[in-house]
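Structural features, examined
Okay, here's what each chain looks like letter by letter:
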Amino acid sequence: MTQRLVSLGFLGVAVVVLAQAFAIPQGEGYQAVGPRAFPLLVGAGLAVVSVMGVVQAFRPGTSSAGTATSDEPEQTHWPSVLLLIGSLVAYALVLVPAGYWQATTAFFVAVARVLGSRRLLRDVLVGLVLALATYFLFDRLLGISLPPGLVRLAI
């Protein structure tokens, strides 16, 4: 019953998001991507996923969701959950003073360690590449300013 209510609730949210997206006025003149584009994309994605959830929830003979949730407390490793939450809080606190790419690299390494990775060099390199790629995409190409932090990039 819970799965049915949640899936119908998400479908309702999708309808509201799409209705509000269509209420956004289009600007005058030619615009390649107007202000409606992203809300419409999110609303359409949410609608597709929620329709799939509704179909699955109302399909006869699918009662496995109730048994999966009864085993969940026994399967959840709470120290890992708490460490992930702590890592996220620490990331939020050091993001501006340390800088985006530095804090993001450290956050990636911390999360990888919590999730079981023991390859420190690989984690640092992957985190650094992803953080720098994101930094250059947003800061340099899109013009969205990210915190430069302690070490400013010369490029």
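Here the structure is shown first, and the text comes after it.
Residues numbered from 1 in each chain as written. Predicted model: local features only at pLDDT ≥ 70, side-chain atom pairs only at ≥ 80, totals over all residues. Heavy atoms only, no water.

**Brief notes about the packing of helix H4 (residues 78-98) against helix H5 (residues 100-114)**
The condition is simple: To obtain each axis, a line is fitted to C-alpha atoms, and for helices this fit is confined to the stretch in contact; angles are then taken between N-to-C directions over 0 to 180 degrees. Per the convention used, a helix needs a DSSP run of H or I reaching at least four residues, while a strand needs a run of E reaching at least two, with both numbered from the N terminus. Angular relationships are summarised with four words: roughly parallel below 35 degrees, roughly antiparallel beyond 145, roughly perpendicular across 65 to 115, and oblique for the angles in between. Contact definition: two residues touch when any of their heavy atoms are within 4.5 Å. Note on residue categories: nonpolar means Ala, Val, Leu, Ile, Met, Phe, Trp, Tyr, Cys or Pro, charged means Asp, Glu, Lys or Arg, and polar means any other residue, Gly included.
One can describe the packing of H4 onto H5 by two numbers: an axis separation of 8 Å at closest approach and a directional angle of 170 degrees. As the angle between them shows, H4 and H5 are arranged roughly antiparallel. Listed contacts from H5 to Ser 80, Leu 83, Leu 84, Ser 87, Leu 88, Tyr 91, Val 94, Leu 95 and Ala 98 of H4 are Tyr 100, Gln 102, Ala 103, Thr 104, Phe 107, Ala 110, Val 111 and Val 114. Residue composition of the contact of H4 with H5, grouped by class: 13 nonpolar, four polar and no charged.

**Comments concerning the side chain of Asp 139**
Going by this rule: Throughout this description, a polar contact denotes any pair of N or O atoms lying within 3.5 Å of each other; where both atoms belong to protein, one of them has to be capable of donating a hydrogen while the other can accept it, and for residues adjacent in sequence the pair is counted only when both atoms sit in side chains.
Relative to the elements of secondary structure, Asp 139 occurs in helix H6 (residues 120-141). In this structure the side chain of Asp 139 is engaged in a polar contact, spanning 3.1 Å, whose partner is the backbone nitrogen of Leu 146. If near-sequence neighbours (up to four positions away) are discounted, Asp 139 is found in contact with Ile 144, Ser 145 and Leu 146.

**Quick notes on the packing of aromatic side chains**
Basically, it comes down to this: A pair of Phe, Tyr and Trp rings is counted when the ring centres sit within 6.5 Å of each other, with Trp represented by its six-membered ring. The angle between the planes then sorts it: under 30 degrees is stacked, over 60 is edge-to-face, the rest tilted. Burial classification: accessible surface area is computed with a 1.4 Å probe over protein chains only, and a residue below 20% of its type maximum counts as buried, one above 50% as exposed, and the rest as partly exposed.
The full count for this structure, using the stated rule, is two aromatic pairs. Their ring planes at 25 degrees and their centres at 4.7 Å tell us that Tyr 91 and Phe 107 sit as a pair that is stacked. With Tyr 91 in helix H4 and Phe 107 in helix H5, this pair connects stretches of sequence that are 16 residues apart. Note on Tyr 135 and Phe 136: the rings are 5.9 Å apart at their centroids and 75 degrees apart in plane angle, and the pair reads as edge-to-face. Residue classification places Phe 136 among the partly exposed positions, given a relative accessible area of 24%.

**Things to note about H5**
Using the following cut-off: Every helix has an expected span of 1.5 Å times one less than the residues it contains.
Taking 1.5 Å per residue as the helical rise, H5 with its 15 residues ought to reach 21 Å, and the 21 Å between its terminal C-alpha atoms agrees with that figure. Here H5 has its buried residues at Tyr 100, Trp 101, Gln 102, Ala 103, Thr 104, Thr 105, Val 109, Val 111 and Ala 112. Where H5 is buried, its residues touch H4 and H6. With its phi angle positive at about 110 degrees, Gly 116 sits one or two positions after the end of H5.

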